[in-house]
Amino acid sequence: MAKPLGGLGKFEDLFLQISALTGTDDIRFKQKELYVFCADNGIVEEGVTQSPQEVTALLCRNLVFGNTCVSRMAKRSNTTIFPVDVGLACLEKIPGMLDCRVANGTKNFMLQPAMTNDECLKAIEVGIKLAEDAKRRGVSILATGELGIGNTTTSSAVSCALLGRSPADMTGRGAGLSSDGLRRKIEVIASALERYSLDPNDPIRILQTVGGFDLAAMVGLFLGARLVQIPVLMDGLISCTAALVAVRMCPACADALIPSHGSAEPASKEVLCALGKSPILQAEMRVGEGTGCMAMLLLLEMMEDLYQNMSSFEDIHLKAYEHLV
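Bear in mind that the values here come from a model prediction, so they are computed numbers and not experimental data.

## Observations regarding the sheet that holds strand β4 (residues 141–147)
- Read across the open sheet, the six strands follow the order β3-β2-β1-β4-β5-β6; overall the sheet is parallel. Bordering the open sheet on either side are β3 (98–99) and β6 (257–258), each of which pairs with just one other strand.
- In this structure, strand β1 (residues 32–39) lies alongside β4, joined through seven bridges in parallel fashion. Opposite E33, over in β4, you have L142 as the bridge partner.

The following block contains the structure:
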């Protein structure tokens, strides 16, 4: 391409990564799919959120109707959204969602592990199967999102257990907790981690004990994406925490992971660093749902246009730049 060496910065590295993963240098983001994993978390019983659990189902209905932030953003990049019910607490099923429900929400992990081992593995299998199905449809890039009251608590707990960090350093306000609410959230996570004495080298037990169905399904999607060689975008803290679990289970999974943004949550930087990734966008977003992925996809599509269509040095009869020592 007729441009300065390294002129497109991190995007050049990402296109090399995608080419190595897919086995082709013909990179085109023709068919794009976003999976928004929706689930409820029993830990909300401990007063760690501003909103009640019933809000999750309400937001899911808005997602199906195309009335959420990510719905509008996905239209800009012509991305298909799949809302996935992997563990909502409401008894009725919401029309328009993929019904992959493992159970009606997780348990309160202050009282018992959030999931049984079988439930955790079943949720992981949901994500793997979705990646395999996407491959059969010819999807060229996947994106991850989540929706569920209480999932910044679960993701903070999982990231603390994986990285051996203090909840005080890794826990944020989520969807707008007060200072008192934040203190309560930190206390709950710290108490649970002390109770269970989780081993950083046992990612599935960590996920099962203090995680959520949305996290587990995203773990599966990341693993499945690597298996079928499709690049997959990470969103904010929750998505990146799931990615870290997947990489701890299978280090090669990192080959498929594409970063998008650095979340405003305190643990975001630590988790991305542990993954060996750095965010492309620094906008302090905290909506979730996959909104960071959608912003990143628009940038990737611009880079695709350059990659496929820009003149070469030969085209413009100019000597190419050389790497000088």
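## Digging into the packing of helix α8 (residues 203–210) against helix α10 (residues 237–249)
- Where α8 meets α10, the axes come as close as 9 Å, and the angle between the chain directions of the two elements is 150°. Relative to α10, the element α8 lies roughly antiparallel. Taking contact as the criterion, the partners of P203, I204 and L207 in α8 are, on α10, V245, R248 and M249.
- Residues of the contact of α8 with α10, tallied by class, amount to five nonpolar, no polar and one charged.

## A word on a nonpolar patch on the surface
- Residues M1, Y307 and M310 make up a contiguous nonpolar surface patch of about 230 Å² in total accessible area.
- Of note, Y307 is situated in helix α12 (residues 291–309).
- The partly exposed category is assigned to Y307, whose relative accessible area is 31%.

## Quick look at α8
- Buried residues dominate α8, accounting for six of its eight residues.
- In the core, the buried residues of α8 are packed alongside α4 (117–136), α5 (151–163), α7 (179–196), α9 (213–228) and α10.

## A word on the nonpolar core
- Counting 69 residues, the largest nonpolar core has F37, V86, L142, L207, F222, L257 and L275 as the members making the most contacts within it.
- When residues in this core are grouped by element, the largest group, 11 residues, is from α9.
- Counting 29 residues, the second largest nonpolar core, distinct from the first, contains F29, A57, M97 and L297.

## Some words on the pattern of salt bridges
- Inspection of every chain in the model, using the stated rule, returns 16 salt bridges.
- Notably, a salt bridge pairs D26 with R28, separated by 2.9 Å at the nearest N-O pair.
- Accessibility expressed as a relative area gives 41% for D26, which makes it partly exposed.
- Close ionic contact of E33 with R137 constitutes a salt bridge, the shortest N to O distance being 2.7 Å. Residue E33 is found in strand β1, and its partner R137 is found in the loop between α4 and β4; the two are separated by 104 residues along the sequence.
- Look at E33 and you get buried, because its relative accessible area is 3%.

## With respect to the environment of R72
- Summarising the element assignment, R72 is placed in helix α3 (residues 69–76).
- Sequence separation between R72 and T291 is 219 residues; the distance between their C-alpha atoms is 9.5 Å.

## Some details on the packing of aromatic side chains
- The final tally for this structure, using the stated rule, is five aromatic pairs.
- Geometrically, the ring pair formed by F15 and F29 is edge-to-face, given 6.0 Å between the ring centres and 85° between the ring planes. Note that F15 is positioned in helix α1 (residues 10–22) and F29 in the loop between α1 and β1, a separation of 14 residues in sequence.
- A centroid spacing of 5.3 Å and a plane angle of 55° characterise the contact between F15 and Y307, whose relative ring orientation is tilted. Here Y307 lies in helix α12 and F15 lies in helix α1, a separation of 292 residues in the sequence.
- When its relative accessible area of 7% is taken as the criterion, F15 is described as buried.
- Put simply, the rings of F15, F29 and Y307 touch in pairs and so form one group of aromatic residues.

## Some words on the packing of α3 against α12
- Here α3 crosses α12 at 15°, and the two axes come no closer than 9 Å. Here α12 runs roughly parallel to α3, going by the angle between their axes. In terms of crossing hand, the pair formed by α3 and α12 is left-handed. Contacts from C69, V70, M73, A74 and R76 in α3 reach T291, M294, A295 and L298 in α12.
- Each residue belonging to the contact of α3 with α12 can be placed in one class, and the counts come to seven nonpolar, one polar and one charged.

## Some words on the pairing of strand β2 (residues 80–87)
- Bridge analysis of β1 against β2 gives seven bridges, and the strand direction is parallel. By the bridge assignment, E33 is partnered in β2 with T80.
- The pairing of β2 with β3 spans two bridges and is classified as parallel. The residue of β3 that forms the bridge with V84 is L98.

Basis of the calculations
- Residues numbered from 1 in each chain as written.
- Predicted model: local features only at pLDDT ≥ 70, side-chain atom pairs only at ≥ 80, totals over all residues.
- Heavy atoms only, no water.
- Pairing = 2+ DSSP bridges.
- Helix = DSSP H or I, 4+ residues; strand = E, 2+ residues; numbered from the N terminus.
- Axes fitted to C-alpha atoms, helices over the stretch in contact; angles between N-to-C directions.
- Parallel < 35°, antiparallel > 145°, perpendicular 65-115°, else oblique.
- Contact = heavy atoms within 4.5 Å.
- Nonpolar A, V, L, I, M, F, W, Y, C, P; charged D, E, K, R; others polar.
- Patch = residues over 30% accessible without salt bridge, like charges linked within 9 Å, V, L, I, M, F, W, Y side chains within 5 Å.
- Areas by Shrake-Rupley, 256 points an atom, 1.4 Å probe, with all protein chains shown as cover.
- Salt bridge = Lys/Arg side-chain N within 4 Å of Asp/Glu carboxyl O.
- Buried < 20%, exposed > 50% of the residue type's maximum accessible area, 1.4 Å probe, protein only.
- Core = buried A, V, L, I, M, F, W, Y, C linked by side-chain atoms within 4.5 Å.
- Phe/Tyr/Trp six-rings, centres within 6.5 Å; stacked < 30°, edge-to-face > 60°.
- Left-handed = near helix turned anticlockwise from the far one by under 90°.

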